[in-house]
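This is what each chain is made of:
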Number of protein chains: 2
Amino acid sequence: MKDPASPVCRTISTLLSRIGDKWSVLVVTTLGEGPRRFNELRREIPAVSQRMLTLTLRNLERDGLVSRAVTPSIPPRVDYALTPLGESLRCPIAALSDWAIANVAEIHEAQRRFDHEHDQAAAA
Amino acid sequence: MKDPASPVCRTISTLLSRIGDKWSVLVVTTLGEGPRRFNELRREIPAVSQRMLTLTLRNLERDGLVSRAVTPSIPPRVDYALTPLGESLRCPIAALSDWAIANVAEIHEAQRRFDHEHDQAAAA
DNA sequence: CGGGATCCCAATGGATACTG
DNA sequence: CAGTATCCATTGGGATCCCG
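Predicted, not measured: the structure shown is a model, and the values here were computed from it. (Residues numbered from 1 in each chain as written. Chains lettered and ligands numbered in written order. Predicted model: local features only at pLDDT ≥ 70, side-chain atom pairs only at ≥ 80, totals over all residues. Heavy atoms only, no water.)

### Re the protein's contact with DNA strand D
Here is step 1: For DNA strand D, the set of nearby residues contains 19 residues, the closest of which are A:Gln50, A:Arg68, A:Tyr80, B:Arg51 and B:Met52.
Here is step 2: One of the side-chain nitrogen or oxygen atoms of A:Tyr80 is found 2.5 Å away from a phosphate oxygen of DNA strand D.
Here is step 3: Between DNA strand D and B:Lys22 there is a distance of 3.3 Å, counted from a phosphate oxygen to a side-chain nitrogen or oxygen.
Here is step 4: Of all the secondary-structure elements, those providing two or more residues to the surface near DNA strand D are α3 (38-44), α4 (50-62) and β3 (77-82) of chain A together with α4 (50-62) of chain B.
Here is step 5: With four residues, α4(A) is the single largest residue contributor to the surface near DNA strand D.
Here is step 6: Class assignment of the residues belonging to the surface near DNA strand D gives a composition of eight nonpolar, five polar and six charged. (Near = heavy atom within 4 Å. Polar contact = N/O pair within 3.5 Å; in protein donor to acceptor, adjacent residues only side chain to side chain. Helix = DSSP H or I, 4+ residues; strand = E, 2+ residues; numbered from the N terminus. Nonpolar A, V, L, I, M, F, W, Y, C, P; charged D, E, K, R; others polar.)

### Some details on unusual backbone geometry
Here is step 1: Of the consecutive residues A:Ile74 and A:Pro75, the connecting peptide bond is found in the cis state with omega at 0 degrees.
Here is step 2: By the element assignment, A:Pro75 lies in the loop between β2 (66-71) and β3.

### Looking at the relation of the copies chain A and chain B
Here is step 1: Note on the identical chains: chain A maps onto chain B by a rotation of 180 degrees and an axial translation of 0.0 Å, with an RMSD of 0.0 Å. Those values place the two copies in the arrangement expected of a two-fold rotation axis. Scanning chain A for the C-alpha nearest the rotation axis identifies A:Gly20, at a separation of 1.9 Å.
Here is step 2: A share of 100% of the interface residues of chain A reappears at the interface of chain B, consistent with the copies meeting face to face through the same patch. (Least-squares fit on C-alpha atoms with pLDDT ≥ 70 in both. Contact = heavy atoms within 4.5 Å.)

### Here's the deal with the UniProt feature "domain: HTH hxlR-type" (unreviewed entry) in chain A
Here is step 1: Per the UniProt record, the feature "domain: HTH hxlR-type" (unreviewed entry) sits at residues 9-108 of chain A.
Here is step 2: Here residues 9-108 of chain A runs as 66% helix and 14% strand, with 31 Å between its end C-alpha atoms. (UniProt positions renumbered as here; feature names shortened; annotations may be inferred.)

### Thoughts on the interface of chain A and chain B
Here is step 1: Taken together, the 43 residues of chain A in the interface contact 44 residues of chain B.
Here is step 2: On inspection of chain A and its partner chain B, the count reaches two salt bridges.
Here is step 3: Between B:Asp115 and A:Arg62 there is a salt bridge; the shortest N-O distance is 2.4 Å.
Here is step 4: Linking chain A to chain B there are eight residue pairs in polar contact (both at pLDDT 80 or more).
Here is step 5: Those elements that place two or more of their residues in the side of chain A that touches chain B are α1 (7-20), α2 (24-32), α4 and α5 (84-117) of chain A.
Here is step 6: Ranked by residues supplied to the side of chain A that touches chain B, first place goes to α5(A) with 19 residues.
Here is step 7: The residue makeup of the side of chain A that touches chain B, split by class, is 24 nonpolar, 10 polar and nine charged. (Salt bridge = Lys/Arg side-chain N within 4 Å of Asp/Glu carboxyl O.)

Right, here's the structure in full:
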């Protein structure tokens with residue numbers, strides 16, 4: 001199970017990278033509230049650059065988590081939404097962020113203590 | 001909630017980065033089976049370099065997820081173990097990897113279809 | 001045994017400009 | 001509006017050598 005060459009482990013690893021990348025989770029949770037157009041997502045996630053939003057959406061689409069519907073009008077219209085697969089990921093993601101929210105104080109205190117006990121050079 | 005400047009979001013983001021980095025989850029799940037010494041971990045996770053294992057353990061220790069116990073003998077002995085906080089993370093992590101395992105086939109098929117529909121240049 | 005220090009390459013990601 | 005293309009800075013991470 002821990003052999004990094006096994007397909008299962010590589011897929012999990014890929015998924016974790018996707019979860020860990022800077023914007024995927026934010027996009028998935030936003031789309032979890034309902035379909036969005038490209039610039040709607042940009043507005044709801046102000047810090048994302050248009051380049052990274054595009055890349056993130058492409059990756060999520062490739063993994064089958066997000067659907068992309070193009071309406072070839074002038075101006076063009078593209079709607080993004082979670083697929084059923086993407087919907088099913090919301091639950092484990094929520095579990096993770098719930099954990100994070102529940103333990104943010106403890107983590108911060110651990111970091112503070114760690115930084116204090118070692119040299120206080122790396123005071124993030 | 002989506003303001004990236006908010007402390008909560010920054011902490012979640014940090015946690016997700018930790019989850020998403022290449023080795024943290026593997027280390028946490030391995031330590032979930034019981035305490036391990038440094039080189040035991042290296043043996044159980046063959047692909048990790050000693051540098052990255054050190055860094056990963058330091059980060060996890062700083063976040064309060066892993067404890068580090070030094071026995072100053074010759075040769076030195078260092079035991080790593082999950083803290084209660086680290087233990088509590090095993091559940092959401094398991095939820096995530098269960099999801100990944102359950103959906104690996106569907107994800108692969110989505111990727112295959114995506115790569116096929118677009119140019120087959122990026123055949124990962 | 002359990003690291004730290006250094007070097008170096010590859011990937012991530014931001015800013016900006018251009019396009020259909 | 002919804003991207004694509006290019007350039008560039010930062011970071012991640014492997015290899016190697018050294019040390020207590």
